[in-house]
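If you want the building blocks of each chain, they are given just below.
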Amino acid sequence: MEEKTTQAAAPDAAPKKPKKPLPKSRIMVGEQLAKLYQDTIDAKARGEKIGWSASIFPQEIAEALGLYIVYPENQAAGLAARHQSDDLLAHAEAAGYNMDICSYARTSLAYMDTLTAESNNMPKPDFVLCCNNICNQLTKWFENLAHQFQVPMFLIDTVYNYDPCASDAKVKYVRAQIDDLIHGLEEISGKKMDYDRLTEVMRISQRNKDLWREANELLAVKPAPLAGFDLFNYMSCMVCNRGKESTTAVLEQLISEIKENIAQGKSTFPVEEEYRVFWEGIACWPYLGHTFKTLKKYGINMVATGYVNAWGLEYEPGDLDGLARAYIDLPNNNNNLETVVARRIEAHKKFQVDGTIYHVNRSCKVMDCQQYETQRRISEATGIPFTSFDGDQADFRAYSEAQYETRIQGLVEVMEQRKKEREGGKK
């Protein structure tokens, strides 16, 4: 008897699900970032001096002077998210840069040699700006950039801050460096600082800080009106454009969209929010899709993180001592354990989280060194379970999809058990 067979439809025969249109705020932030890169390329072509800067450098100074600045960390994260950094990492390692070095640095140091990337190309700098309030590895990274390009490097040394807030002596020390920075950039650019304009840039930066915090804090609503991972898409506003009114427009639009979601009982989180978590550490950019989809599978929304708030620096416009204090008191530079734990406990309660996910980031030792003790203390104080996974902010080789999925599954089991216990206690 002849066996009947049924031919299966070709895998691509099914109609593709149309992609949701991007919200207006996402379109705006993409246009803003593209404009920054193009404006810098155009300025270089006109013969203006352009710079490369560390992400949490006193951008207010360069912005007030009308200088065009691009950010290697932003470029490296973008390349990693688009899976375009693999060749650059290999290039850096072939040139002798060890795999243990920060993957943002390796991406940037390779780009320094090639000046070619599939996107976000940056022209050669005429100066580099570095502040060591994130980590000291930035200092050596930017020294290498300055040496390779034979350009001056301006360093703001904030001194590691062991105290809850900066001492007056440290403020005086950093303020003097800010004054020197102004004079140095005036000399190299041929422009004169307009201190009224500087005060205005500081005012805009503070307005943007307030809006950024508001956008983040709206996720305390339960269920959250936004998929927390969406906030990663808006970070370039605060990293690259903190002192610009275009960022004010983006964030006002974002907040308007979030509030509309709240009013209509909607969310950009695509499934029902079963659990809420705090994310500790930088995003794993090469696997952003996988990390999010795995959480979505279990109805887990990341509603809070310490990372995206790092650019919410606070000072009074026109107060350069206050500006110095803000850049010293940055969370990464104020990493004493008691402060870290207290801030996290407050956030865990405010955002009503059910669990915590710790990204043990191979690249970022300064963020990882206290994680185990932080995990223990926060869990003891709140009773909230946690898990961790190994990864990297830009190097795809340090991440295991299987490990991540297993760790998240284990966390879900604990969160589910706690949920049942709480519901049982209410009966």
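Keep in mind the model is a prediction, meaning the values are calculated, not measured.

Chemist: Before we go on, may I ask you to explain the overall build of the protein in this structure?
Modeler: Scanning the protein from terminus to terminus reveals 16 helices and eight strands. Over its C-alpha atoms the protein spans a radius of gyration of 23 Å, differing by no more than 12% from the 22 Å that the globule rule assigns to 427 residues. A principal-axis box enclosing the C-alpha atoms of the protein has dimensions of 85 × 60 × 45 Å. Per-residue burial over the protein gives 54% buried out of 427 residues. When the accessible area of the protein is evaluated, it comes to approximately 19,900 Å², of which 51% is carbon and sulfur surface.

Chemist: Just checking my understanding: could you explain helix H6 (residues 137-149) for this structure?
Modeler: Because an α-helix packs 3.6 residues into every turn, residues spaced three or four apart end up facing the same way. With 13 residues, H6 extends 19 Å between its outermost C-alpha atoms, agreeing within 8% with the 18 Å of an ideal straight helix rising 1.5 Å per residue. For H6, the full list of buried residues reads Leu138, Thr139, Trp141, Phe142, Leu145, Ala146 and Phe149. The buried residues of H6 occupy an angular sector of 165 degrees when the element is viewed end-on, so they sit on one face. Opposite the packed face of H6, turned more than 90 degrees from it, sit the exposed residues Lys140 and His147. Of the surrounding secondary structure, the elements contacted by the buried residues of H6 are strand S1 (50-53), helix H3 (72-81), helix H5 (103-114), strand S3 (127-131) and strand S4 (153-156). Just beyond H6, the residue with positive phi is Gln150, at close to 55 degrees.

Chemist: Sorry if this is basic, but what is going on with the sheet that holds strand S6 (residues 300-305) here?
Modeler: Sheets are built from strands paired through backbone hydrogen bonds, the pairs being either parallel or antiparallel. Judged by pairing direction, the sheet is parallel, and its four strands sit side by side in the order S6-S5-S7-S8 without closing on themselves. Looking at which strands have only one partner, the edges of the open sheet turn out to be S6 and strand S8 (386-391). Strand-to-strand, the axes of this sheet are offset by a mean angle of 30 degrees, without reference to chain direction. Relative to strand S7 (residues 355-361), strand S5 (residues 275-280) runs parallel, the two sharing four bridges. Paired with Trp279 across the two strands is Ile357, which belongs to S7. Strands S5, S7 and S8 of the sheet are contacted by helix H15 (residues 371-382), whose axis makes an angle of about 175 degrees with S7.

Chemist: Please clarify how the nonpolar core should be interpreted in this entry.
Modeler: Most often, soluble globular proteins have nonpolar side chains that are buried together. One finds Trp52, Ile61, Tyr104, Leu145, Leu185, Phe232 and Trp285 to be the most contacted residues of the largest nonpolar core, which totals 127 residues. With five residues, the next largest nonpolar core counts Leu337, Val341, Ile345 and Ile378 among its residues.

Chemist: Looking at this model, I keep getting lost on the pairing of S5. Mind explaining?
Modeler: Across a regular strand the side chains alternate sides, sitting on one face of the sheet and then on the other. Across the six residues of S5, six count as buried, placing the element largely inside the fold. Burial along S5 is two-sided: Tyr275, Val277 and Trp279 and Arg276, Phe278 and Glu280, pointing in opposite directions, are all buried. Of the pairings in the sheet, the one linking S5 to S6 comprises five bridges and is parallel in character. Along S6, the bridge assignment pairs Arg276 with Asn301. Where the polypeptide runs from S5 across helix H11 (residues 288-297) and back to S6, its parallel neighbour, the crossover connection is right-handed.

Chemist: Explain the packing of aromatic side chains to me, please; I cannot follow it from the model alone.
Modeler: One pass over the structure, following the stated rule, counts 15 aromatic pairs. Between Phe229 and Phe232, the aromatic rings sit 5.4 Å apart at their centres with planes inclined by 80 degrees, giving edge-to-face as the arrangement. Under the relative-accessibility criterion, Phe229 is labelled buried at 7%. Taken together, a centroid distance of 5.8 Å and an interplanar angle of 40 degrees make the contact between Tyr399 and Tyr404 tilted. Across the pair, Tyr404 and Tyr399 agree in class, each one buried. Pairwise contacts between aromatic rings join Phe229, Phe232, Phe269, Trp279, Trp285, Tyr287, Phe292, Phe389, Tyr399 and Tyr404 into one cluster.

Chemist: Is there a simple way to explain helix H1 (residues 24-45) in this structure?
Modeler: The first and last C-alpha atoms of H1 sit 31 Å apart over 22 residues, in line with the 32 Å expected at 1.5 Å per residue. Buried positions along H1 lie against S1, strand S2 (68-70), H3, helix H9 (235-240) and helix H10 (245-264). Count one or two residues on from H1 and you reach Gly47, which has phi positive near 95 degrees.

Chemist: Is there a simple way to think about the packing of helix H7 (residues 168-189) against helix H12 (residues 320-328) in this case?
Modeler: Two numbers describe a pair of packed helices, the interaxial angle and the distance between the axes. Contact geometry for H7 and H12: axes closest at 8 Å, N-to-C directions at 110 degrees. Looking at the two axes, H7 sits roughly perpendicular to H12. Note on element contacts: H12 touches H7 through Leu320, Asp321, Leu323, Ala324, Arg325 and Ile328, opposite Asp168, Lys170, Val171, Val174, Arg175, Ile178, Asp179 and Ile182. A per-class count over the contact of H7 with H12 returns eight nonpolar, no polar and six charged.

Chemist: What is the right way to read unusual backbone geometry from this model?
Modeler: Negative phi is the rule for most residues except glycine; trans is the rule for most peptide bonds. Residue Pro223 is reached from Lys222 by a cis peptide bond, and omega for that bond is -5 degrees. Mapped onto the secondary structure, Pro223 falls in the loop between helix H8 (195-217) and H9. In the Ramachandran plot, Gln150 falls in the positive-phi region, its phi being about 55 degrees despite a non-glycine side chain. Within the secondary structure, Gln150 is located in the loop between H6 and S4. We classify Gln150 as exposed; its relative accessible area is 63%.

Chemist: It is not clear to me how the sheet that holds S1 should be interpreted in this structure. Could you clarify?
Modeler: Reading across from one edge, S2-S1-S3-S4 is the order of the four strands in this open sheet, with parallel pairing throughout. A strand with exactly one partner marks an edge of an open sheet, and here the two such strands are S2 and S4. Between one strand axis and the next, the sheet turns by 25 degrees as a mean value, whatever way the strands run. One ladder, built from three bridges, connects S1 with S2; its direction is parallel. Within the sheet, the bridge partner assigned to Ile50 lies in S2 and is Tyr68. The strands touched by H1 within the sheet are S1 and S2, with S2 carrying the most contacts at an inclination of about 125 degrees. Lying over the sheet, H7 contacts S3 and S4, oriented at roughly 165 degrees with respect to S4.

The rules behind each value
- Residues numbered from 1 in each chain as written.
- Predicted model: local features only at pLDDT ≥ 70, side-chain atom pairs only at ≥ 80, totals over all residues.
- Heavy atoms only, no water.
- Helix = DSSP H or I, 4+ residues; strand = E, 2+ residues; numbered from the N terminus.
- Rg over C-alpha atoms; globule rule 2.2 N^0.38 Å.
- Buried < 20%, exposed > 50% of the residue type's maximum accessible area, 1.4 Å probe, protein only.
- Areas by Shrake-Rupley, 256 points an atom, 1.4 Å probe, with all protein chains shown as cover.
- Expected span 1.5 Å × (residues − 1).
- Arc of directions from axis to C-beta.
- Contact = heavy atoms within 4.5 Å.
- Pairing = 2+ DSSP bridges.
- Axes fitted to C-alpha atoms, helices over the stretch in contact; angles between N-to-C directions.
- Core = buried A, V, L, I, M, F, W, Y, C linked by side-chain atoms within 4.5 Å.
- Right-handed = clockwise from strand over helix to strand, strands pointing away.
- Phe/Tyr/Trp six-rings, centres within 6.5 Å; stacked < 30°, edge-to-face > 60°.
- Parallel < 35°, antiparallel > 145°, perpendicular 65-115°, else oblique.
- Nonpolar A, V, L, I, M, F, W, Y, C, P; charged D, E, K, R; others polar.

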